[in-house]
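# Results of the structural survey
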Amino acid sequence: MIKLFKVKEKQRELAENASGGAPIKKQTAGELRLHKDISELNLPKSCAMHFPNGKDDLMNFEVSIRPDEGYYMGGTFLFSFQVSPIYPHEAPKVKCKTKVYHPNIDLEGNVCLNILREDWKPVLNINTVIYGLYHLFTEPNYEDPLNHDAAAVLRENPKLFESNVRRAMAGGYVGQIFFPRCM
Amino acid sequence: MADTSPQPSRSRDLDKLLLRPGNLVGPRFEPGPETRDDLQAYARVLVVGAGGLGCELLKDLALTGFRNLDVIDMDRIEVTNLNRQFLFRLEDVGKPKAEVAAKRVMERISGVNIVPHFCRIEDKDISFYNDFNIIALGLDSIEARSYINGVACSFLEYDSYNNPREETIKPMVDGGTEGFKGHARVILPGITPCFECTIWLFPPQVKFPLCTLAETPRTAAHCIEYAHLIKWNEVHGGTAFDPDDPEHMKWVYNEALKRAELFGIPGVTYSLTQGVVKNIIPAIASTNAIISAACALETLKIATECSKTLSNYLSYNGTQGVHTKVTEFERDKDCLVCGPGVLIEVEPSVTLQKFIYLLEEHPKLWLSRASVSHQGKNLYLQAPTVLEEMTRSNLSQTLFNLMGKVTRDIVHVNGTATKNDQKISCMRKLLVVFKGTDGVADMDTAGGA
Ligand SMILES: [Zn+2]
């Protein structure tokens, strides 16, 4: 290819003055795939999306979930999504922005959902993740606890768990911890 | 053999490859001193990364006869680099890797000019990368590889028969090592698979379930990830963890130690903490040397055609004995990054709405409900409602205006295609050419309506 390099070098010298266009923003492969995921979303009415940075930044968005059954019915829970440029090789990073009394979500917003970590696969998509999150509210499980206390109560006394959840969602204390109203 | 008044010097071994004909040479190889001189005068190579692989690559390329090298790296030298990043000395700690590496190689190898760039790869605009004939990658992250791959593939153009135009091919030589294992590969965009065609080659990162970290840690790594992912936020709330801040790393290490003590788990050390948090696998100097040597050789072969290039992926494993293997991976024909894209010619007066309708009728696409993006701008999205509403007003505008009045460019679309009566969702890359503007392609080859 050396001959080609020689030609190119000559062209480069010629073009030196001519160029100077505005730098182009590169669209990453992750963005392209996310574009597809998002334009194909098929969300239940109980889930809504927000794009705080406008229509051209899909890599950072929020999803609000409003369960219509189960312990958390009537509450609204906001999640932030951060998507990597090598998505879907890597799972989106998801945090719960609403403080919630939940066995699988801790008070800092970390979420224990297998498909976000150990079971993530590139064939999964944003739709699967949102359904997974929705599922956490209709069927919280005490076997994968992040909030140890909430998990213990759910296991031992579901009635008390239910009233704790209602109290937290209405805005109030469960034990020492205050939960702002989210319904 | 013709007497070429051999220089007894540095190029003696190289001359044996470049001055003599051979059976394994490329079809256009012309033996003789001109090839050697052209290599020195015209070949411009960018080395991305000045770490373990980058140091080796710079030295190897300089000793191979390349004289115009650039190196880009955003990192500064750390004490822990010194065992293998052999261009650096203790007194260099804290200085930019790219600058010190360039200086050291130039001191030792006369006639070589190396320009260092102490910055992030994203800080350079695209034209910077286009000035190089070959890009050699000595990186340890998938993100960085994916970025450079996207840049290199963006120069690629195809002719009307969907063959890559040679002068637009930006060859890449990629090396990677993890402990005793490594790979070297040649990426000729449009000819051999690009990084994105074979991204599945990279194993997914090991991620522990958060609840395991919180409830039932069993290993030292569990304790470290607990401190890093859970405890840090609990205590520092707003402050984001910075893996390059030694104070942050110390804090995580101490918390991990406490947790390990609590659960009676041995093995938490500072270096393991760094390793787990930054996802680093211990680097072996010899592995870097072997992989870099293979990469430098391929760079020479691409430039001079003195031998056929690796086709196209060499894996090396020195864990038990030594095992190397070359695998010829295949391109993903529909790759969104290196694929040709479907040519679509339209009038500049066509609105986005009409364009989306044309995709439905296009015999190579039959794509309905298309969403369209161009250079990072979302022109139209079918869903969700909030984005559909934000982009709806674009539908009545002309595509030509929405694309900034360029004469031709790549756009990406996705939607539902109908194949054998089955509806499948798909993403496609399109090359849009506006008729009657300067950049019009061959009219006869237009693929549709
Ligand atoms: Zn590709």
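Residues numbered from 1 in each chain as written. Chains lettered and ligands numbered in written order. Predicted model: local features only at pLDDT ≥ 70, side-chain atom pairs only at ≥ 80, totals over all residues. Heavy atoms only, no water.

By the naming in an unreviewed UniProt entry, chain B is NEDD8-activating enzyme E1 catalytic subunit, taken from Acacia crassicarpa. As recorded by UniProt, the Function (unreviewed entry) comment attached to chain B reads in full: "Catalytic subunit of the dimeric E1 enzyme, which activates NEDD8." The record held by UniProt for chain B lists under Sequence similarities (unreviewed entry) the comment "Belongs to the ubiquitin-activating E1 family. UBA3 subfamily." (UniProt positions renumbered as here; feature names shortened; annotations may be inferred.)

Per an unreviewed UniProt entry, the recorded name for chain A is UBC core domain-containing protein, and the organism is Acacia crassicarpa. Within the UniProt record for chain A, the comment given under Sequence similarities (unreviewed entry) is "Belongs to the ubiquitin-conjugating enzyme family."

Residue and element names in this part refer to chain B. With respect to the secondary-structure elements, Asp92 resides in the loop between β2 (68-72) and α4 (97-108). A polar contact is formed between the side chain of Asp92 and the backbone nitrogen of Arg89, at a distance of 2.7 Å. Look past the residues within four positions of Asp92 in its chain and what remains in contact with it is Ile77, Leu87, Val100 and Arg104. (Helix = DSSP H or I, 4+ residues; strand = E, 2+ residues; numbered from the N terminus. Polar contact = N/O pair within 3.5 Å; in protein donor to acceptor, adjacent residues only side chain to side chain. Contact = heavy atoms within 4.5 Å.)

In this structure's numbering, the residues bearing the UniProt feature "domain: UBC core" (unreviewed entry) are residues 29-174 of chain A. When the span residues 29-174 of chain A is considered, its composition is 32% helix and 16% strand, and the gap between its end C-alpha atoms is 45 Å.

A separate point is the interface of chain B and chain A. Across the contact, 69 residues belong to chain B and 47 residues belong to chain A. Summing both partners gives a buried area of about 5300 Å² for chain B against chain A, and 60% of it is carried by carbon and sulfur. Applying the counting rule to chain B against chain A returns 0 salt bridges. Across the chain B-chain A interface, the total number found is 9 residue pairs in polar contact (both at pLDDT 80 or more). Considering every element that reaches the side of chain B that touches chain A, the biggest residue donor is helix α6 (residues 142-154) of chain B, with 6 residues. Of the residues assigned to the side of chain B that touches chain A, the class counts are 34 nonpolar, 17 polar and 18 charged. (Buried area = accessible area lost by both parts, 1.4 Å probe. Salt bridge = Lys/Arg side-chain N within 4 Å of Asp/Glu carboxyl O. Nonpolar A, V, L, I, M, F, W, Y, C, P; charged D, E, K, R; others polar.)

This part covers the coordination of the zinc ion. All names here are of chain B. Taken together, the protein donors to the zinc ion comprise Cys194 (SG), Cys197 (SG), Cys335 (SG) and Cys338 (SG), at separations of 2.3 to 2.4 Å. Viewed at the metal, the 4 donor atoms of the zinc ion are separated by angles of 97 to 117 degrees, and the geometry they form is tetrahedral. As a motif over one chain, the donors of the zinc ion read C-x2-C-x137-C-x2-C. Both residues of the pair, Cys335 and Cys338, count as buried. (Donors = N, O, S within 2.8 Å, 3.2 Å for Na, K, Ca; no water. Tetrahedral: all angles 85-135°; square planar, octahedral: opposite > 155°, others 65-115°. Buried < 20%, exposed > 50% of the residue type's maximum accessible area, 1.4 Å probe, protein only.)

It is worth spelling out the pattern of salt bridges at this point. Following the criterion strictly, the structure yields 24 salt bridges over all chains and no others. Linked by salt bridges that have partners in common, Asp92(B), Lys95(B), Lys103(B), Arg104(B) and Glu107(B) make up one network.

To continue, consider the confidence of the model for chain B. Residues and elements named next belong to chain B. Looking at chain B as a whole, the pLDDT averages 90, with 95% of positions reaching at least 70. Contacts for the low-pLDDT stretch residues 443-449, under 50 throughout, to residues beyond four places or in other chains number 12 contacts. As scored by the predictor, the complex reaches a pTM of 0.86 and an ipTM of 0.84. (pLDDT = per-residue confidence, 0-100.)

This brings us to the UniProt feature "domain: E2 binding" (unreviewed entry) in chain B. As recorded in UniProt, the sites labelled "domain: E2 binding" (unreviewed entry) are residues 344-435 of chain B. For residues 344-435 of chain B, the end-to-end C-alpha separation is 10 Å, with 23% helix and 43% strand making up the annotated structure.

Once that is clear, we can look at a negative patch on the surface. Residue and element names in this part refer to chain A. Judged by side-chain charge, Glu118, Asp119, Glu143 and Asp144 come together as a negatively charged surface patch. Along the polypeptide, Glu118 turns up in the loop between β4 (93-96) and α3 (126-138). Residue class for Glu118 comes out partly exposed when judged on its relative accessible area of 34%. (Patch = residues over 30% accessible without salt bridge, like charges linked within 9 Å, V, L, I, M, F, W, Y side chains within 5 Å. Areas by Shrake-Rupley, 256 points an atom, 1.4 Å probe, with all protein chains shown as cover. Lys, Arg positive; Asp, Glu negative; His and termini not counted. Charge placed at Lys NZ, Arg CZ, Asp CG, Glu CD.)

Moving on: the domain arrangement of chain B. Once the domains are mapped, chain B shows domain 1 (12-203 + 283-327), domain 2 (210-278) and domain 3 (342-434). The straight-line distance from the C-alpha centre of domain 1 of chain B to that of domain 2 of chain B is 36 Å. (Domains from an automatic or database assignment.)

A word on the sheet that holds strand β3 (residues 77-82) of chain A. Note on sheets: strands pair through backbone hydrogen bonds, and any given pair is parallel or antiparallel. Residues and elements named next belong to chain A. Strand order in this open sheet of 4 strands is β1-β2-β3-β4, and the pairing throughout is antiparallel. With partners counted over all chains shown, the strands left at the sheet margins are β1 (47-50) and β4, one partner each. On average, each strand axis in the sheet is tilted by 25 degrees relative to the strand beside it, whichever way the strands run. Pairing analysis gives 4 bridges linking β1 to strand β2 (residues 60-65), with the strands arranged antiparallel. Counted as the bridge partner of Met49 is Val63 from β2. Across the sheet, α3 lies against β1, β2, β3 and β4, angled at about 150 degrees from β3, the strand it touches most. (Pairing = 2+ DSSP bridges. Axes fitted to C-alpha atoms, helices over the stretch in contact; angles between N-to-C directions.)

A few words on a nonpolar patch on the surface. The grouping of Val79(B), Leu90(B) and Val93(B) at the surface amounts to a nonpolar patch, some 270 Å² of accessible area in total. Its place among the elements puts Leu90(B) in the loop between β2 and α4.

Residues and elements named next belong to chain B. Across the interface, helix α3 (residues 52-64) lies against helix α11 (residues 285-304) with an axial gap of 8 Å and an inter-helix angle of 40 degrees. The angle between α3 and α11 falls in the class oblique. Along this stretch, α3 crosses α11, giving a crossing that reads as right-handed. Two secondary-structure elements touch here, α3 through Gly52, Leu53, Glu56, Leu57, Asp60, Leu61 and Thr64 and α11 through Ala285, Asn288, Ala289, Ile291, Ser292, Ala293, Cys295, Ala296, Thr299 and Leu300. When grouped by side-chain class, the residues that make up the contact of α3 with α11 number 10 nonpolar, 5 polar and 2 charged. (Parallel < 35°, antiparallel > 145°, perpendicular 65-115°, else oblique. Left-handed = near helix turned anticlockwise from the far one by under 90°.)

Attention now moves to the sheet that holds strand β6 (residues 181-187) of chain B. Residue and element names in this part refer to chain B. Pairing is mixed in the open sheet, where 8 strands are placed in the order β3-β2-β1-β4-β5-β6-β7-β8. Edge positions in the open sheet fall to β3 (113-117) and β8 (323-327), since each of these has one partner strand only. Here the average twist between neighbouring strands, direction ignored, is 15 degrees. Sheet analysis places strand β4 (residues 134-138) next to strand β5 (residues 172-178), joined by 4 bridges and oriented parallel. Of the residues in β5, the one forming a bridge with Gly138 is Gly175. Along the sheet, α3 contacts β1 (44-48), β2, β3, β4 and β5; its crossing angle with β1, the most-contacted strand, is approximately 160 degrees. Packing of α6 onto the sheet brings it into contact with β1, β4, β5 and β6, and relative to β5 it is tilted by some 170 degrees.

The subject of this paragraph is the pairing of β3(B). Residues and elements named next belong to chain B. In this structure, β2 lies alongside β3, joined through 5 bridges in parallel fashion. Of the residues in β3, the one forming a bridge with Val71 is Pro116. As for the winding sense of the linkage, the β-α-β connection from β2 through α4 to β3 is right-handed. (Right-handed = clockwise from strand over helix to strand, strands pointing away.)

Under the local residue numbering, the UniProt record ascribes the feature "active site" (unreviewed entry) to Cys112(A). Mapped onto the secondary structure, Cys112(A) falls in the loop between β4 and α3. The buried category is assigned to Cys112(A), whose relative accessible area is 8%. Discounting residues that sit within four places of it in the chain, Cys112(A) has contacts with Asn104(A), Leu136(A), Asp144(A), Leu146(A), Leu210(B) and Cys211(B).

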